[in-house]
Amino acid sequence: MLCNGIHLPTYSTQHVSQRDISDDGQIISFLNGLRPGVLANTNGQTSCGVIPINQNYAFVAASCFQYDDEGKPDESLEYQVYLAVAGPSPQPLDVSTITVRPDYDPKTFANNLAIVSFDYSNEGELTNDIGSLASEWNQLTYIVQNMTSNLEFWNAPYIYQDSAVAGSSCSKASSLYKANPNALVCDMQTRTASTDGDCQLPLQFVVGTSSNLLAVVALYSYSAISGSSVDGFCESGDTIVNYYTNLFNYAGWAAEVTKGTVDVRHPNIENRTGPVANYSMQAPPKNAKNDGSSIFSLFGQDKAIPGVDNDNTGNGNPPSNLPQCTGNQATITVQMPGLPTACSVQQIVLSF
């Protein structure tokens, strides 16, 4: 299609559920405005979806990056963002910075989010709202947006619609989900991998729909797989339960990282609530166990990375600003509420 003389990608539907949909034109129109994309690195296109916040920042799962020995994203890999933007073929946007959630747990995939920065300003303004909790929406649409293997064209998006009601399999397969049912979206829909027809993969992101309102509500995080598979998503007959991170809980963090405003869209204005400040997922109880399913996420193009159902600490993820110990002492900075700013911060030295 043409917009102000510029060629824009035109979306079509590759797959739509027969049971819950009456007209997918609304979804396709929404995608044209959203400009969802895909993350690439030195090795090529990955399976990781990219959800733009504005023309300079986007959400990506933290598990999509390779990390060095210090737990920081490996800078030897050059990352690019491809958005469904104007042009005869997909154009890479170089990633300038990667900000990973400080409480991201690479073992359980809790708080599995990062924000990447890039420069899309030459292509015009781009601003997207974040949807409220998935449970507030009447219907959820699961979507994959990717390119052909030569990165020359966008594939038609894979679209699947389902209700927002999670089954009992969600809690049984994941202790993290059971401890945080409002932090994750659960669904069992998969799609065939482009690199291997025997592999069934999760979708990339979730859009909430209520009447004429649409908003992105979640981004893929991890999967719980039961059966005979030991390498992820490629064993016939396995049961795969996929989990997606609700973005709503992280709207405040996103506003802090982007130094701007991140708007939240609610389907029911009368019952709307704001995100919890300084939100972080709760760790499952120390003795919590799932039904024996193996935990995996995705890295690179259709590559599985293993995780664990529960790290068995029961203490959650430590905050990033914990004191560093030197010898047998540690210094802690304590904020004392109710006192003037000048005298409300005290330092305590602990000896042990």
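Each remark here, short or long, concerns the structure printed above.
Rules used in this analysis
- Residues numbered from 1 in each chain as written.
- Predicted model: local features only at pLDDT ≥ 70, side-chain atom pairs only at ≥ 80, totals over all residues.
- Heavy atoms only, no water.
- Helix = DSSP H or I, 4+ residues; strand = E, 2+ residues; numbered from the N terminus.
- Buried < 20%, exposed > 50% of the residue type's maximum accessible area, 1.4 Å probe, protein only.
- Contact = heavy atoms within 4.5 Å.
- Areas by Shrake-Rupley, 256 points an atom, 1.4 Å probe, with all protein chains shown as cover.
- Phe/Tyr/Trp six-rings, centres within 6.5 Å; stacked < 30°, edge-to-face > 60°.
- Pairing = 2+ DSSP bridges.
- Arc of directions from axis to C-beta.
- Disulfide = S-S within 2.5 Å.
- Core = buried A, V, L, I, M, F, W, Y, C linked by side-chain atoms within 4.5 Å.
- Axes fitted to C-alpha atoms, helices over the stretch in contact; angles between N-to-C directions.
- Lys, Arg positive; Asp, Glu negative; His and termini not counted.
- Salt bridge = Lys/Arg side-chain N within 4 Å of Asp/Glu carboxyl O.
- Polar contact = N/O pair within 3.5 Å; in protein donor to acceptor, adjacent residues only side chain to side chain.

1. Describing the overall build of the protein chain
Point 1. Check the secondary structure of the protein chain and you find four helices and 24 strands.
Point 2. Here the protein chain holds 352 residues, and the buried ones make up 49% of them.
Point 3. Summarising the internal contacts of the protein chain: among those between residues at least 6 apart in sequence, 67% fall at separations of at least 24.
Point 4. Roughly 17,100 Å² of accessible area belongs to the protein chain as shown, and the carbon and sulfur atoms make up 47% of that amount.

2. Structural notes on the packing of aromatic side chains
Point 1. Counted by the stated rule, this structure contains nine aromatic pairs.
Point 2. Judged by centre distance (4.7 Å) and plane angle (15°), the ring pair of Tyr 222 and Tyr 243 falls under stacked. With Tyr 222 in strand S17 (residues 213-226) and Tyr 243 in strand S18 (residues 239-246), the pair connects residues that are 21 residues apart, well separated along the chain.
Point 3. Classification of Tyr 222 by relative accessible area gives buried; the value is 1%.
Point 4. An aromatic cluster is present here, built from Phe 109, Tyr 177, Tyr 222 and Tyr 243 joined pairwise through their rings.

3. Section: the pairing of strand S5 (residues 57-60)
Point 1. Summarising the sheet, strand S4 (residues 44-52) and S5 pair through two bridges and their orientation is antiparallel. When the bridges of S5 are listed, Ile 51 appears paired with Phe 59.
Point 2. Remark: four residues form the turn of the hairpin made by S4 and S5, two consecutive strands paired antiparallel.
Point 3. Both S5 and strand S9 (residues 114-117) contribute to a ladder of four bridges, which runs antiparallel.

4. A closer look at helix H4 (residues 251-258)
Point 1. If you check which residues of H4 are buried, you get Ala 251, Trp 253, Ala 254, Val 257 and Thr 258. For H4, the arc enclosing every buried residue in end-on projection is 155°, short of the 170-degree limit, so these residues lie on one face.
Point 2. Considering only its buried residues, H4 is in contact with S5, strand S8 (97-100), S9, strand S10 (130-131) and strand S19 (264-265).
Point 3. Just past H4, the residue Lys 259 takes up positive phi, approximately 55°.

5. Things to note about the state of the cysteines
Put plainly, two cysteines are in a disulfide when a covalent bond ties their sulfur atoms together.
Point 1. Tallied over the entire structure, the rule returns three disulfides.
Point 2. Each disulfide of the protein chain joins two cysteines, and with those cysteines numbered along the sequence the arrangement is 1-2, 3-4, 5-6.

6. Re the nonpolar core
Across soluble globular proteins, nonpolar side chains show a tendency to be buried alongside one another.
Point 1. Core analysis: the largest hydrophobic core is formed by 62 residues, its most contacted members being Leu 39, Phe 59, Phe 205 and Tyr 243.
Point 2. Per-element accounting of this core gives the leading share, five residues, to S17.
Point 3. Setting aside its immediate chain neighbours within four residues, Phe 59 contacts Gly 49, Val 50, Ile 51, Ile 53, Leu 113, Ala 114, Ile 115, Ile 130, Leu 219, Leu 247, Trp 253 and Ala 254.
Point 4. Core analysis: the next-biggest nonpolar cluster, separate from the first, contains 23 residues, Leu 140, Val 185, Tyr 220 and Ile 225 among them.

7. Quick word on the sheet that holds strand S6 (residues 80-83)
Point 1. Spatial ordering of the open sheet is given by S7-S6-S3-S4-S5-S9-S8, a layout of seven strands whose pairing is antiparallel. Looking at strand neighbours, the two that pair on one side only are strand S7 (92-94) and S8, the edges of this open sheet. Each neighbouring strand pair of the sheet contributes to a mean axis angle of 35°, computed without reference to strand direction.

8. Concerning the side chain of Asp 311
Point 1. Checked against the element boundaries, Asp 311 lands in the loop between strand S21 (303-306) and strand S22 (325-326).
Point 2. The side chain of Asp 311 is buried and forms no salt bridge, while Lys 107, the nearest opposite charge, is found at 4.4 Å.
Point 3. Apart from the residues lying within four places of it in its own chain, the contact partners of Asp 311 are Asp 105, Lys 107 and Thr 108.

9. Side note on the side chain of Thr 108
Point 1. Checked against the element boundaries, Thr 108 lands in the loop between S8 and S9.
Point 2. Owing to a relative accessible area of 7%, Thr 108 belongs among the buried residues under this scheme.
Point 3. Of note is the side chain of Thr 108, whose polar atom sits 3.3 Å from the side chain of Asp 105.
Point 4. Within polar-contact distance, the side chain of Thr 108 engages the backbone nitrogen of Ala 110 at 3.4 Å.
Point 5. Residues in contact with Thr 108, not counting those within four places in the same chain, are Leu 176, Tyr 222, Val 308, Asp 309, Asn 310 and Asp 311.

10. Some words on the pattern of salt bridges
Point 1. Enumeration over the complete set of coordinates arrives at three salt bridges.
Point 2. When the shortest N-O distance is used, the salt bridge between Asp 103 and Arg 101 registers 2.8 Å. Grouping residues by exposure puts Asp 103 and Arg 101 together as buried.
Point 3. In this structure, the salt-bridge partner of Arg 265 is Asp 129, at a minimum N-O distance of 3.3 Å. Note that Arg 265 is positioned in strand S19 and Asp 129 in the loop between S9 and S10, a separation of 136 residues in sequence.

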